[in-house]
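Architecture and fold: a report
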Amino acid sequence: MLKMKRICHLIFRLLFLLDGGVWSLRNLVISVPRAVLSGEGQSAVLRCSYDLEGAALYSIRWYRAETEFYRYVPRELPPTMVFPLPGASVDLAQSDHHQVRIVNLNRHLSGDYQCEVSADAPLFHTDIRSAPLTIVDPPFRAPRVSVSQRNYVRGDVIQANCSVDEAYPAPNITWIVDDQKIAESVSWHTSELDFRERGAFSQLQLSVLESERYQLGRSYTHDHSEMIYQQNYIISKEHSRQDVSYMMTPPESGHFTLGCIATIHDIYARRSEVLVIREDAPRPASVTGEESAGTVRTYNVVQTSVFTVAAMIFSL
Ligand SMILES: *[C@@H]1O[C@H](CO)[C@@H](O)[C@H](O)[C@H]1NC(C)=O
Ligand SMILES: *[C@@H]1O[C@H](CO)[C@@H](O)[C@H](O)[C@H]1NC(C)=O
């Protein structure tokens, strides 16, 4: 019985081999950091793990965008070959049949990296995996936030801008009210091969509602950009200019904080100055009316939007 089973297993295995089966190379996994900083002293370790199931290794090859830059062939002496990778170098001392360390990277080397593993004769079974790596040139300064006013009365619409210096890739901007993320502007990059640095800019219209009868944190937006709504949170995706609008109920404390954060993947996050916005003591309506014509116009336009949204909410 046991013998029968073994024979069956052997036949099965043989068929599998003839079929170009994967007995000699399995579980190829590439592991590449999503993003690393550019510049001298910075490095990225790219790893490749695999299971040869007892077969010998023939070669490991690393490619960036289909151009080979590192090869490891244990049968050759020396086993390592390095090809020029303009804008970085391979740290041979820390590269082998499982990893390659590249140092002093520049952003033009961002892109897909591939690891190709070949098992030795007779099958030379080969497999390849790919993963993206972004080499980040962070913005020079922290993001800058500016607001149209530091004081509000209920019903005001506060305009706030957040701008970030040029960087690669263009950073995302997140708006923070009282330590809570309320909105995010996602920067769009046009092409994988466009390595230009870009700044980021986000404009927020923050409406402080008259009272608490509206749903908390209901947000609305201008309709020209692609928006994703979540509860109390809004994501805006647009190519250049980003406008997001958010409605908040008046805080009981009579003040709130406002700031923005610029982020690039998981490698860069920097916060702007945090502004404190305070409620004015209630004043006669005529005081608001005396402000500049521009402000009054904006106020009216947004007031209209507030009513539209209020109507929408009530019609739900
Ligand atoms: C925000 O930026 C816009 C466009 O650049 C500008 O017109 C507006 O005055 C800015 N507002 C504030 C509060 O800085
Ligand atoms: C910006 O956010 C989007 C959506 O979360 C994400 O896919 C993208 O990688 C982010 N970009 C950067 C530069 O962090």
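Just above sits the structure.
1. Some remarks on the pattern of salt bridges
- Per the counting criterion, the structure on display carries 12 salt bridges.
- Arg-61 is the salt-bridge partner of Glu-68, the closest N and O atoms lying 3.7 Å from each other. In this structure, Glu-68 and Arg-61 share a single accessibility class: buried.
- Connected through salt bridges with shared partners, the residues Arg-61, Glu-68, Arg-71 and Glu-116 form a single ionic network.

2. Topic: the sheet that holds strand E7 (residues 89-90)
- In spatial order, the strands read E1-E3-E8-E7; together these 4 strands make up an open sheet with antiparallel pairing. The strands lining the two open edges of the sheet, one partner per strand, are strand E1 (26-31) and E7.

3. Side note on the site of ligand 2
- Around ligand 2 sit Pro-169, Ala-170, Asn-172, Glu-184, Val-186, Thr-263, Ile-264 and His-265, and those are all the residues in its vicinity.
- Between ligand 2 and the protein, one listed contact pairs an oxygen atom with a side-chain N or O atom of Asn-172 at 2.3 Å.
- The contact in question runs from an oxygen atom of ligand 2 to an N or O atom on the backbone of His-265, over 2.7 Å.
- Relative to its unbound accessible surface of 360 Å², ligand 2 loses 59% to contact with the protein.
- Secondary-structure elements contributing two or more residues to the shell around ligand 2 are strand E15 (180-187) and strand E20 (255-264).
- For the shell around ligand 2, the residue count by class is 4 nonpolar, 3 polar and 1 charged.

4. Examining the nonpolar core
- Counting residues in hydrophobic clusters, the biggest one holds 30 residues, and the most contacted among them are Leu-46, Trp-62, Phe-69, Ile-102 and Val-117.
- When residues of this core are traced back to their parent elements, those giving at least two are E1, strand E3 (39-51), strand E4 (57-64), strand E5 (67-72), strand E8 (99-105), strand E9 (111-119) and strand E10 (126-136).
- Among all residues touching Val-117, those that are not within four sequence positions of it are Leu-25, Leu-28, Cys-48, Tyr-50, Leu-57, Ser-59, Ile-60, His-125, Thr-126 and Asp-127.
- By size, the runner-up hydrophobic cluster in this structure holds 29 residues, among which are Ala-200, Tyr-246, Ala-262 and Ile-264.

5. Here we look at the site of ligand 1
- Residues in contact with ligand 1, as listed here, are Ser-146, Val-147, Ser-148, Gln-159, Asn-161, Phe-201 and Gln-203.
- With respect to ligand 1, the side chain of Ser-146 contributes an N or O atom lying 2.7 Å from an oxygen atom.
- Within the side chain of Asn-161, an N or O atom sits 2.2 Å from an oxygen atom of ligand 1.
- Protein chains shield 47% of the accessible area of ligand 1, which is 360 Å² for the free molecule.
- Only strand E11 (144-147), strand E13 (157-167) and strand E16 (198-208) provide two or more residues apiece to the shell around ligand 1.
- Across the shell around ligand 1, the residue classes break down as 2 nonpolar, 5 polar and no charged.

6. Some points on the packing of aromatic side chains
- Taken as a whole and assessed by the stated rule, the structure comprises 4 aromatic pairs.
- Aromatic pair Tyr-152 and Phe-256: ring centres 5.6 Å apart, planes at 45°, arrangement tilted. Remark: Phe-256 occurs in strand E20 and Tyr-152 occurs in strand E12 (residues 151-152); sequence separation between them is 104 residues.
- Ring centres 5.8 Å apart and planes at 55° place the aromatic pair Tyr-168 and Phe-195 in the tilted group. Linking Tyr-168 in the loop between E13 and strand E14 (172-177) with Phe-195 in the loop between E15 and E16, this pair joins segments that are 27 residues apart in sequence.
- Judged by its relative accessible area of 12%, Phe-195 falls in the buried class.

7. Observations regarding the pairing of E10
- Of the pairings in the sheet, the one linking strand E2 (residues 35-37) to E10 comprises 3 bridges and is parallel in character. Its bridge partner being in E10, Leu-37 is matched across the sheet by Val-136.
- The sheet contact formed by E9 and E10 spans 8 bridges and is antiparallel. When the bridges of E10 are listed, Glu-116 appears paired with Ile-128.
- What sits between the antiparallel neighbours E9 and E10 is a turn of 6 residues, in which Phe-124 has the positive phi angle 45°.

Conventions adopted
Residues numbered from 1 in each chain as written. Chains lettered and ligands numbered in written order. Predicted model: local features only at pLDDT ≥ 70, side-chain atom pairs only at ≥ 80, totals over all residues. Heavy atoms only, no water. Salt bridge = Lys/Arg side-chain N within 4 Å of Asp/Glu carboxyl O. Buried < 20%, exposed > 50% of the residue type's maximum accessible area, 1.4 Å probe, protein only. Pairing = 2+ DSSP bridges. Helix = DSSP H or I, 4+ residues; strand = E, 2+ residues; numbered from the N terminus. Near = heavy atom within 4 Å. Polar contact = N/O pair within 3.5 Å; in protein donor to acceptor, adjacent residues only side chain to side chain. Areas by Shrake-Rupley, 256 points an atom, 1.4 Å probe, with all protein chains shown as cover. Nonpolar A, V, L, I, M, F, W, Y, C, P; charged D, E, K, R; others polar. Core = buried A, V, L, I, M, F, W, Y, C linked by side-chain atoms within 4.5 Å. Contact = heavy atoms within 4.5 Å. Phe/Tyr/Trp six-rings, centres within 6.5 Å; stacked < 30°, edge-to-face > 60°.

Shape descriptors only; they carry no functional weight alone.
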